[in-house]
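# Secondary and tertiary structure notes
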Amino acid sequence: MAAASCTPSEDQFLCSICLDVFTDPVALQCGHNFCKDCITEHWDTSDRCQCPMCNEAFTTRPDLKVNTFISEMVAQFRQSAQQKASSSSSSSEQQVFKPGEVPCDVCTETKLKALKSCLVCLTSYCETHLEPHLTASSLKRHQLIDPVENLEDRMCPKHDKPLELLCKTDQTCVCMLCHVSDHKMHDVVPLKEGYEGEKAELETEIQQMIQKRQLKIEEIKHSVDLSKEEADREVAEGVQVFTALKESVERGQANLINTIKEKQKTTENQAEDFIKELEQEISELKKRSSEVEQVTHSEDHLHLLQRFMSLKVAPPTKDWTEVSIHSSHEGTVVRAVVQLEETFSEEMKKLLEAELKRVQKYAVDVTLDPDTASPYLILSGVGKRVSHGDVKKNLPDNPERFSDGICVLGKQSFSSGRFYFEVQVKGKTKWTLGVARGSIKRKGGITLGPRCGYWTIWLRNGIEYKALDAPRVLLSLKSQPQKVGVFVDYEEGLVSFYDVDAAAVIYSFTGCSFNEKLFPYFNPCNNDGDKNSAPLIISPVRVN
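Everything numeric here is computed off the predicted structure, so don't read it as measured data.

### Things to note about the overall build of the protein
Scanning the protein from terminus to terminus reveals eight helices and 21 strands. Its C-alpha atoms give the protein a radius of gyration of 53 Å, more than 25% over the compact-globule value 24 Å for 544 residues. Dimensions of the protein along its principal axes, counting C-alpha atoms only, are 200 × 70 × 35 Å. Taken across its 544 residues, the protein has 32% of its residues classed as buried. Within the protein, residue pairs in contact and separated by at least 24 positions form 57% of the contacts whose partners lie at least 6 positions apart. One way to put it: in the protein the 66 positive side-chain charges average out to a point 5 Å from where the 81 negative ones average out.

Right under this line is the structure:
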């Protein structure tokens, strides 16, 4: 009876390596038992052949044989456990597994709903089969979680062991054997510790990202406020300018009407004076005609001839052949419009001066990048001057360098906002200036134009200015620029060129689509027999 009551507990049949019931148990010389596969794999991945429990070392690897006594005891224990589980399952009212739920992995016939999953055993258990994990001291150490599917994904594909550790060095989950074999010198921590560390780091990173985005929101709102202020200011200035122009037009119209009316009045007065004088002469001539008529009735021919002679002495008429009335209105409208155009030009000049001052606020410090310069170019020590050197230098043919084009880019690149720089072109007969995409072709022949990533203008033959748009535009300038300003509004898609001294717009590329970095572009062209030997000089911006 006493022997019958001594039922062995599950702890006595658990392998200390896999923490599961023995499979093919073997006994070492020190007396400790393990699954045959577990101890074999442990020794295969370990530097020394020793017992994992007591660390007793063996000079030679023991010849492992299955302990038949323990094997039979394990078989009896499993049979007893299955009968107990079957009896418990039939007497309890557990829920049957339904689609969408996690089933118990132990149930053999009717699958019951799992209550927990074990991250050590990688098995999901119903209420009955979960009981050993709640009562056995060795199983209580296992980590239970709410039931999940695909627990095999939590097994090491190489060693078929639970992924219990995090290798922080390689940022990957590993098993105990991985730690010993492939990650021995790495920073390895338990999954829970690694999870908490990664969670804290992720939370910190997320908070930082939130803060950055909140700051960006404030920055955008501030930019909108500044944009609104600028828009209001532009509207006010525009209303002021157009009001002045409108008043100027109205004054010009009124002056034109008054001038025409005054000239018409003068013409009418002159005509009235001529008519009065003509009418007076007509009256005198009629009077004389009457006298002649009276004389003709006399038969005294001597008296008649004497009378006719007296009538011819002082004729009351003058030569009206060249007298005429001409309209004085011709050219009045043209002169008025010319005057209005002069007024508009004055206002336009004021606007352009204000516009140039506005863009000069976005001045940036640009220097030349020697890594991009053509081998024919000579750059100053501070990267502000470039000229053609006639002789090709022996320079490394790095990917950034132009091989054939006599050009160089600025070191600075821009992928947002606005920027402005000025270049002195005094004394040159040809040059090309503007901006270019970072991905432009650098080797071989170069085609300038927006489609190829260039927004430029040039001078050729000392007098021929062109905007290299599509198609190219011949520019008619009132004066030859000595200093050219280049302004870019990245978001607006605008590239404008200015004659700095004249405060005039040379040309503007509008509706451009920028999607990568832009670089300032400079081409001093060849020396042309010293006619074009003057350098291009990046000048400091001074607001006029």
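### Describing the packing of aromatic side chains
On inspection of all chains with the given rule, the structure shows ten aromatic pairs. Aromatic side chains Trp455 and Phe514 sit 5.0 Å apart centroid to centroid with 80° between the ring planes, which places their arrangement in the edge-to-face category. With a gap of 59 residues between them, Trp455 in strand β14 (residues 454–460) and Phe514 in the loop between β19 (504–509) and β20 (518–523) connect regions that are remote in the sequence. Like Phe514, Trp455 is buried. Positioned over the ring face of Phe402 is Arg442, at 5.6 Å from the centre of the ring.

### As for the pairing of strand β18 (residues 494–499)
As a general feature of sheets, a regular strand has side chains that alternate between the two faces. Across the six residues that make up β18, a large majority, six, are buried. Across the two faces of β18 the burial is the same, with Leu494, Ser496 and Tyr498 and Val495, Phe497 and Asp499 all buried. Pairing of strand β17 (residues 483–489) with β18 involves six bridges; the strand directions are antiparallel. Opposite Val484, over in β18, you have Asp499 as the bridge partner. The turn linking β17 back onto β18 is made up of four residues, and Gly493 within it adopts a positive phi angle of 70°. As paired strands, β18 and β19 are joined by five bridges and run antiparallel to one another. When the sheet's bridge partners are listed, Val495 is paired in β19 with Phe509.

### A word on the pattern of salt bridges
Taken as a whole and assessed by the stated rule, the structure comprises 15 salt bridges. For the salt bridge of Glu219 with Lys216, the shortest nitrogen-to-oxygen distance reads 3.2 Å. One end of the pair, Glu219, and the other, Lys216, are both in helix α6 (residues 191–295), three residues apart, so they sit about a helical turn from each other. When its relative accessible area of 44% is taken as the criterion, Glu219 is described as partly exposed.

### Here's the deal with the sheet that holds strand β10 (residues 385–388)
In space, the seven strands of this open sheet follow the order β9-β10-β21-β12-β17-β18-β19, with antiparallel pairing throughout. Whereas interior strands pair on both sides, the edge strands pair on one side only; in this sheet they are β9 (377–379) and β19. In this sheet, adjacent strand axes meet at a mean angle of 20° when their direction is disregarded. The sheet contact formed by β9 and β10 spans three bridges and is antiparallel. Paired with Leu379 across the two strands is Val386, which belongs to β10.

Criteria and cut-off values
Residues numbered from 1 in each chain as written. Predicted model: local features only at pLDDT ≥ 70, side-chain atom pairs only at ≥ 80, totals over all residues. Heavy atoms only, no water. Helix = DSSP H or I, 4+ residues; strand = E, 2+ residues; numbered from the N terminus. Rg over C-alpha atoms; globule rule 2.2 N^0.38 Å. Buried < 20%, exposed > 50% of the residue type's maximum accessible area, 1.4 Å probe, protein only. Contact = heavy atoms within 4.5 Å. Lys, Arg positive; Asp, Glu negative; His and termini not counted. Charge placed at Lys NZ, Arg CZ, Asp CG, Glu CD. Phe/Tyr/Trp six-rings, centres within 6.5 Å; stacked < 30°, edge-to-face > 60°. Lys NZ or Arg CZ within 6 Å of the ring centre and 35° of its normal. Pairing = 2+ DSSP bridges. Salt bridge = Lys/Arg side-chain N within 4 Å of Asp/Glu carboxyl O. Axes fitted to C-alpha atoms, helices over the stretch in contact; angles between N-to-C directions.

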